[in-house]
Amino acid sequence: MKGWIAFWAILRKDVRTYYLKPPNISWGLIFPLAWTGMFFIRTGGGVEDILSLLPGVAAISILFGTTSMLAITVTFEKKGRSFERLLLAPIPLELLMLAKTAGAILFGVANACVPVIMAAFLADLSTVAWGGFAAAVFLVSVASTFLGLFIAVAVSEVFEAQTFSNFFRFPMIFLCGLFFPVENLPMLLQPLAWLLPLTYGADALHGAVHGGNRLPVALDLLILCAYCAGLFALSLFNIRRRWIA
Amino acid sequence: MPDAIVVEHLAKRFDTVEAVAGITFSVRRGELFGFLGPNGAGKSTTINLLTGLARPDAGSIRLGGIDCTRRPRAAQHLIGVVPDESNLYPELSGSENLAFCGALYGMAKREREARARELLDTFGLGDAAARKFGGYSKGMKRKLTIAAGIIHRPEILFLDEPTTGIDVASARQVRQLIADLNRAGTTLFLTTHYIEEAERLCQRIAFIVSGRIVGIDSVEHLLQPLQGRHAVQIAGSLDGVPEGLAEAFPGLAFACPEPGMLRVEAGEPVRVGAVVRFLEERGIEVAEARRLRPSLEEVFVRVTGLAAEAMRKQHEQAGGGQ
């Protein structure tokens, strides 16, 4: 119970201090808008293409939103030594890091809602399997957040976290089947695509929105869960090795 | 009742550097214990090991009878930490910062808010309770950081350089708060490079140099060997003990702990005028000559072989100075 008091306090503090800041809110709105607009212009598509674009735009909004925020909520606090205050608290490290990442997960889910709300005004979303979509959005958000955590723990400066994030983010956008099917990639890159967690998230999102998924959605979600657990465990291992050495 | 802190053969190495080399000491319940040493001596590493921010390579730590290596979280309930830098959240107000720190220790909302109000009043920060921490002066920040360290009423409080970087008036207030906390029964583990501060506040002191404890005792016992010794410190354009000085004054012992400073010691009162004349006749400009009362600074110099003033300057150059 006492651990959960700390959990809520950390989550509330982070949401208030970082996530509800006007620049972050506007960024969360503008980013999905910009991506949607860019793809419309590039493809010359119309409202009939919204359903095929929605999974990609939602996933990218989550990916960029979550990984960017972790650099601040973790790397920045570590640099400023306020993270030490959290490490001194008598709560398990697992719970502490869940509290630090819960805000980013919620931020990612909120970011994904922006393109969905926009799409609702322009297209018929009655065919979307909302259960699968919500589960995929949530797990993509968790996986992206833990990827951001892994990056944030691996570096010591905020700018390093941002640069290192791009090393993962940009290849992932083009390899994970969000906008181009994995089968259309060069043969050499296809195995790499299936190593990326977002590939399974994208497949589940496509499946939930307009069908055409390569794997059963349940399997996609299961693999995403495994990635989440792996990335979280790896991050905790790194924290113990680097920060409580 | 077990001692508040029991450390045995504690060791920590960073690559090739032996930061803490098998130290052993204990701190009694309700004691104000000083931990003194120059920069890089191993003070911060020791505090990090004691508070769970670092893991020892060898040795054991017991806080309030709890084995920290086996049950670190249980031990963390007992301790409060005031780091050398104020690391609260600039975006939160004073009262929000304290309430947040209370929540980290599982305090319920009503309890932590009441405790925050109580501490803000005790520390004279009541009027600034709603102001953001980022806008506080250095002295106010330090006081709030101490308040945050005791929000959960810890049995043991670790204070790392609590008066560094704040003005004289604030430092005096902080010292008074430390003394009050100790009177109220809190065990305090204090690191400082202000030796006079340690002498005034602490009941027992340990000197650490190069990761090793080179002296540990009560302030009274540490000062005892100096009773009956007479010392004079001369400041001037010196870069060592001048040639012929020891031969001219055979009853006196001379040392140059750092450039510009000459220390003279004897078993009887030193005739300072004769020494100053000797120096001036050899073209050495003397800026100051003062008799030194037996002090912890003297003990520190004897035990560590370092000049206290040099340690202070070294610390200030490293960014911790006032």
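Details of the structure are given in the entry above.
Overview of the structure. (Residues numbered from 1 in each chain as written. Chains lettered and ligands numbered in written order. Predicted model: local features only at pLDDT ≥ 70, side-chain atom pairs only at ≥ 80, totals over all residues. Heavy atoms only, no water.)

A look at the overall build of chain B
- The helix and strand inventory of chain B stands at twelve helices and 14 strands.
- Contacts spanning at least 24 positions in sequence make up 69% of the contacts within chain B whose residues lie at least 6 apart.
- With the model as given, the accessible surface of chain B reaches about 14,300 Å², and the carbon-plus-sulfur share is 48%.
- Looking at chain B, you have 39 positive and 40 negative side-chain charges, and the mean spots of the two groups are 6 Å apart. (Helix = DSSP H or I, 4+ residues; strand = E, 2+ residues; numbered from the N terminus. Contact = heavy atoms within 4.5 Å. Areas by Shrake-Rupley, 256 points an atom, 1.4 Å probe, with all protein chains shown as cover. Lys, Arg positive; Asp, Glu negative; His and termini not counted. Charge placed at Lys NZ, Arg CZ, Asp CG, Glu CD.)

Thoughts on the sheet that holds strand 13 (residues 261-266) of chain B
Residues and elements named next belong to chain B.
- One open sheet accounts for four strands, arranged 12-13-11-14; its pairing is antiparallel. Across the chains shown, the open sheet's two edge strands, defined by having one partner strand only, are strand 12 (253-258) and strand 14 (286-292). Strand-to-strand twist across the sheet, computed as the mean angle between neighbouring axes with direction ignored, equals 20 degrees.
- The sheet strands contacting helix 10 (residues 272-281) are strand 11 (230-236), strand 12, strand 13 and strand 14, and the helix crosses strand 14 at an angle near 155 degrees.
- Its contacts with the sheet put helix 11 (residues 296-304) on strand 11, strand 13 and strand 14, and the angle it makes with strand 13 is roughly 95 degrees. (Pairing = 2+ DSSP bridges. Axes fitted to C-alpha atoms, helices over the stretch in contact; angles between N-to-C directions.)

What about the side chain of Asn97 of chain B?
- Note that Asn97 of chain B resides in helix 3 (residues 94-104).
- The residues contacting Asn97 of chain B, other than those within four sequence positions of it, are Leu88, Tyr89, Leu92, Phe133 and Leu144 of chain B.

Focus on the pattern of salt bridges
- Evaluation of the coordinates by the stated rule reveals 25 salt bridges over all chains.
- With a closest N to O distance of 3.7 Å, Arg282 of chain B and Glu281 of chain B form a salt bridge.
- Since its relative accessible area comes to 46%, Arg282 of chain B is described here as partly exposed.
- Note that Glu288 of chain B and Arg290 of chain B form a salt bridge whose closest N and O atoms lie 3.9 Å from each other.
- Exposure remark for Glu288 of chain B: the relative accessible area of 40% places this residue in the partly exposed category.
- Each of Lys13, Asp14, Glu77 and Lys100 of chain A takes part in salt bridges that share partners, so that together they form one network. (Salt bridge = Lys/Arg side-chain N within 4 Å of Asp/Glu carboxyl O. Buried < 20%, exposed > 50% of the residue type's maximum accessible area, 1.4 Å probe, protein only.)

Focus on the environment of Arg204 of chain B
Residue and element names in this part refer to chain B.
- For Arg204, the position within the fold is in strand 9 (residues 204-209).
- A relative accessible area of 11% means that Arg204 is categorised as buried.
- For the pair Arg204 and Asp180, spaced 24 residues apart in sequence, the C-alpha to C-alpha distance is 17 Å.
- Apart from the residues within four sequence positions on either side, Arg204 is in contact with Ser26, Val27, Arg28, Glu31, Leu32, Phe33, Gly34, Ile216, Asp217 and Ser218.
- A polar atom in the side chain of Arg204 sits 2.5 Å from the backbone oxygen of Ser26. (Polar contact = N/O pair within 3.5 Å; in protein donor to acceptor, adjacent residues only side chain to side chain.)

Remarks on the sheet that holds strand 7 (residues 156-160) of chain B
Residues and elements named next belong to chain B.
- The strand order 6-7-8-3-9-10 describes an open sheet built from six strands, whose pairing is mixed. The strands lining the two open edges of the sheet, one partner per strand, are strand 6 (79-82) and strand 10 (212-218). Along the sheet, successive strands turn relative to each other by an average axial angle of 15 degrees, direction set aside.
- Relative to strand 7, strand 6 is paired through four bridges, and the arrangement is parallel.

Functional significance is not addressed by these values, which are geometric in nature.
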